[in-house]
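# Structural characterization, general
The lines below spell out each chain.
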Amino acid sequence: MSGKADPRPAGDGTTSRARLDRGRGALGPALELVHTGRAPTRAVLTAELGVTRATAGAVAAELEALGLIRVDARPGAAAGSQGRPSHRLEVAEGGPVALAAQVHADGFRAALVGLGGRIVATTPSCETVDADPAKVLGAAVEAGAELLRQTGRPCVGAGLAVPSAVTEPEGLALNPLHLAWPVGAPVREIFAERIRAAGITGPGFVGNDVNLAALAEHRHGAGRGARDLLCVATGHRGVGGALVLDGRLHTGSSGLALEVGHLTVNPEGRPCYCGSRGCLDVEADPLALLTAAGREPGPEGSLLQQANELIREEYGDPVVRMAAEALIDRLGLGLAGLVNILNPDRIILGGLHRTLLDADPDRLRAVVADRSLWGRSGGVPILACSLDHNSLVGAAELAWQPVLDDPLGALGPV
C-alpha cells in the first residue's frame, strides 16, 4: 500500500456526512410540509426546503423508511405539463397515529388521528361527564386504547382537549365552568397517569378546546394560509376564542390568553358564571339561543345539536329568526372589538357560530364591518371552520408535534 494519502475518499466522506447532516436537519421541516399539504411533490419539497434535489430525495426516502410518508415514484404527468413529472408525496397509509380525546359539557369522545389531520377511527360520543376528572379521563383513555388495540396502529402519544383555560406549565384546568370539576384540577397530571396505566408509552398533552380547534384549522382547514388567525367558537356550552400569530398558537404568558367568552356584549344581559353580566359566554351559546327562542332544552341530543337543528330546520319561524339575529348581533359586536384590538387577517367560526354564519352571513359581516375600524376599510374575511371534530384533530397535533420537530429523535432510526 502506498504511504501517500488519496484525498478523494476523505473528501467524498466529508461531503456525504455533510449531506446527511443537512438532510437530517431537514427531516422535521420536510415532514411538516407534507403533513400540512404544502409539499405535494418532491419538486415542491426541494424548493420549500431550499436544498438540492439529491438532498430532498434522501429526506423523503428517510421519512418513508420511518413509515411516515409515501413517495410515489411513478406519478402521471398533469395535463398540459412540461418536463419530467415530480414524485408525489403523501402521508403513509397505516402509519402511526396519535390518540386524541375531547371532554365537553355534554360528554366525551376519543379518536385516533394520523398525519395530515386524518381521523382514522373514533369512538361513539359518551353523553355523561362525571364530576371526578380522573374517572372521565380514565374512560376516555381506555376508549382510545381500545381503538389502538383494534387497529394495531403504533401510537406516538396522546392529546386532550378540555373546555377550560389550561395553565402553563402546570397543566391545571383553571376554569372548567361548564363541567362539575374542581377549579384548578390537575388535568395534565391525571391524563398522563391514565395514559401510562393504559400502556401507552408516548407523551401526553392537554390544551383548551378552542385553542386546539384553531391549531387544527390553521394547519388543515379554513385557516390555512392565514398569518394572524382569530377563531371564535361556541361548542356545547359557553364561547371560546383562540389566536394564531405568525403561524403559532398564542396562549399568553401562562396559557390563559384570549378568554373572549367574557367580553361584555350586553351590559343588561344574563348573569355570567364569572360573576359579570352579559358576557359573550352566556349571550351567544346554544343555551342562549334556545332560551331566546322560547325552547326548553330536550333530553335527546346535546344543546349544540338542538340549537343547530333549530336554526337549520326552523329559521323561517319569526321567533327563531329573531332569536338567531339577536345572537348574531351580539357575536358581531364581540368580533368587532376583537378585530379592533388584534387586527387579524382572517376570522373563522365554529360550533353554533358556524351555523349562524351559514344562516345569515351578510348580517354578521355587516355588524362586524360597522363596529370595527379596520372592517370599514376593507373587511376581514369571516369563514366557517371546515374540519369535523377540529378540537380532536388539534389535540392530536399536540402529540404529533415532537415527531414534526424531530422525526428521528421521536421515532428512532429504523
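Residues numbered from 1 in each chain as written. Predicted model: local features only at pLDDT ≥ 70, side-chain atom pairs only at ≥ 80, totals over all residues. Heavy atoms only, no water.

## Let's talk about unusual backbone geometry
The omega torsion across Glu168 and Pro169 is 5 degrees, close enough to zero to call that bond cis. One can find Pro169 in the loop between β6 (155-162) and α6 (187-197). At Asp246, a residue that is not glycine, the phi angle is positive and equals roughly 50 degrees. Within the fold, Asp246 resides in the loop between β9 (240-245) and β10 (248-250). For Asp246, a relative accessible area of 56% gives the class exposed. Backbone geometry places Asn343, a non-glycine residue, at a positive phi of 50 degrees. The residue Asn343 is located in the loop between α11 (318-342) and β11 (346-351) in this model. Judged by its relative accessible area of 46%, Asn343 falls in the partly exposed class. (Helix = DSSP H or I, 4+ residues; strand = E, 2+ residues; numbered from the N terminus. Buried < 20%, exposed > 50% of the residue type's maximum accessible area, 1.4 Å probe, protein only.)

## Some thoughts on the domain arrangement of the protein
As far as domains go, the protein holds domain 1 (29-72 + 88-95), domain 2 (97-211 + 391-411) and domain 3 (224-386). Taking the mean C-alpha position of each, domain 1 and domain 3 sit 38 Å from one another. (Domains from an automatic or database assignment.)

## A few points about the sheet that holds strand β8 (residues 228-234)
Strand order in the open sheet formed by five strands is β10-β9-β8-β11-β12, and the pairing between neighbours is mixed. With partners counted over all chains shown, the strands left at the sheet margins are β10 and β12 (382-384), one partner each. This sheet shows a mean twist of 30 degrees between the axes of neighbouring strands, independent of strand direction. Sitting on the sheet, helix α7 (residues 209-220) touches β8, β9, β10 and β11, and the angle it makes with β9 is about 40 degrees. Against the sheet, helix α12 (residues 352-359) touches β8, β11 and β12, its axis set at about 110 degrees to β11. (Pairing = 2+ DSSP bridges. Axes fitted to C-alpha atoms, helices over the stretch in contact; angles between N-to-C directions. Contact = heavy atoms within 4.5 Å.)

## Focus on helix α15 (residues 390-405)
For α15, which comprises 16 residues, the first-to-last C-alpha distance of 22 Å matches the rise-based estimate of 22 Å (1.5 Å per residue) to within 8%. Of all the bends in α15, the largest measures some 40 degrees and sits at Ala399, one to four residues before the proline Pro402. In terms of residue burial, α15 counts as a mostly covered element, since 12 of its 16 residues are buried. Turning to α15, its buried residues number three or more, namely Asn390, Ser391, Leu392, Val393, Gly394, Ala395, Ala396, Glu397, Ala399, Trp400, Val403 and Leu404. (Expected span 1.5 Å × (residues − 1). Bend = angle between axes of the 7 residues up to and from the residue.)

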